[in-house]
Amino acid sequence: MSSVTYTSRNGIAEIAIDRADKYNIINHDVVRELNAAWHRFNASDDRVAILTGTGERAFTAGADLRDIPHDFWRAVPGVGVPVTKPVIAVTAGLVVGGGLVLVQMADLAVAADNTVLSYPEAKVGYSGGLISSLAARIPHKVAMELLLVGGSISAQRAYEAGLVNRVVPLGQQLDVARELAQQIAANAPLVVGMLKDYVGQVLPKGPSEAAAIARARVEAVNSAEDYHEGIAAFIEKRAPQFAGR
């Protein structure tokens, strides 16, 4: 069974972590399938992606601590996969750990009023470090309290800090996100893409984020068709026929 679903309609992709019975907890399958979903989004005609979790209890309760996916960075748009089109995060219930990372990396966010965001890894003794980029997106002191104390903030506080764009009654969050997505999808794709790219260059990147982006790019080169062609040509003592992919 799939842990992540992907649906497409009218130029809008809806990507959902589909483990509502487990609070949409992030395990190895979720990481692998989110990574594939971002690649699919890049290759599609969809202009905007909505990222959500099924059910009302949790966007995601974070990583599966019984078997931590240490390669979580692969699941993060703009980090594990260079996503060039807008992403809207839609939350309800718990947004924990890696869930907060996904929200901070989205371009926009819509939160149901029951959303509670937290990053408790300092209490657990584990962190991948991607969360450090949060301080580039919300006020420094607000970010540091979340990270160092390991507490939580409400949807309203997240709105006040600039982490989410809308706080709406539970049950309306996906409809509001779809309205925003439709407005973006109707705009000029080249302008939208350019502005997203430029803003990405303006925002500072933490050490873990920069390292993950570099690793993803190296892995993409070393798993491409040209890589296999180059190795085969060397072994067969012939000139390689590179295709640029």
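Our structure is the block above this text.
Conventions adopted
- Residues numbered from 1 in each chain as written.
- Predicted model: local features only at pLDDT ≥ 70, side-chain atom pairs only at ≥ 80, totals over all residues.
- Heavy atoms only, no water.
- Helix = DSSP H or I, 4+ residues; strand = E, 2+ residues; numbered from the N terminus.
- Buried < 20%, exposed > 50% of the residue type's maximum accessible area, 1.4 Å probe, protein only.
- Contact = heavy atoms within 4.5 Å.
- Pairing = 2+ DSSP bridges.
- Core = buried A, V, L, I, M, F, W, Y, C linked by side-chain atoms within 4.5 Å.
- Salt bridge = Lys/Arg side-chain N within 4 Å of Asp/Glu carboxyl O.
- Axes fitted to C-alpha atoms, helices over the stretch in contact; angles between N-to-C directions.
- Lys, Arg positive; Asp, Glu negative; His and termini not counted.

Caption draft 1: Looking closely at the environment of Ala 181. Along the chain, the position of Ala 181 falls in helix α6 (residues 173–185). Judged by relative accessible area, Ala 181 falls into the buried class, the value being 0%. Placed 104 residues apart in sequence, Ala 181 and Pro 77 show a C-alpha to C-alpha distance of 17 Å. Apart from the residues lying within four places of it in its own chain, the contact partners of Ala 181 are Ile 12, Val 48, Ile 50 and Ile 88.

Caption draft 2: Up close: the pairing of strand β1 (residues 4–9). Where β1 meets strand β2 (residues 12–17), six bridges bridge the pair, whose relative direction is antiparallel. Bridge assignment links Thr 7 to a residue of β2, and that residue is Glu 14. The antiparallel hairpin formed by β1 and β2 contains two residues in its connecting segment, where Asn 10 sits at a positive phi of about 55 degrees.

Caption draft 3: Region of the structure containing the nonpolar core. One finds Ile 15, Leu 34, Trp 38, Phe 72 and Leu 134 to be the most contacted residues of the largest nonpolar core, which totals 51 residues. Ranked by residue count, the leading element in this core is helix α1 (residues 28–43), at six residues. Among the nonpolar cores identified, the runner-up in size contains 14 residues, and Ile 12, Val 48, Leu 180 and Ile 184 belong to it.

Caption draft 4: Representation of the pattern of salt bridges. With the rule as written, the count across this model stands at twelve salt bridges. The salt bridge involving Asp 29 is made with Arg 32; its shortest N-O contact spans 2.9 Å. Of this pair, Asp 29 and Arg 32 both sit in helix α1, three residues apart, which is roughly one turn of that helix. Taking the shortest distance from any N to any O, the salt bridge between Glu 236 and Arg 238 comes out at 2.6 Å.

Caption draft 5: Broad picture of the sheet that holds strand β8 (residues 116–118). The four strands lie next to each other as β4-β6-β8-β9, forming an open sheet whose pairing is mixed. Single-partner strands in this sheet number two, and they are β4 (58–60) and β9 (152–154). If you compare each strand with its neighbour and ignore which way they point, the axes differ by 20 degrees on average. Bridge count for β4 against strand β6 (residues 94–96) is two bridges, and the pairing is parallel.

Caption draft 6: Quick look at the side chain of Arg 19. Along the chain, Arg 19 falls in the loop between β2 and α1. It is Asp 64 that comes nearest to the buried, bridge-free Arg 19 among opposite-charge side chains, at 5.4 Å. Setting aside its immediate chain neighbours within four residues, Arg 19 contacts Ser 3, Asn 24, Ile 25, Asn 27, Val 30 and Thr 54.

So, to be careful, I would describe these as geometric facts and stop short of saying anything about function.
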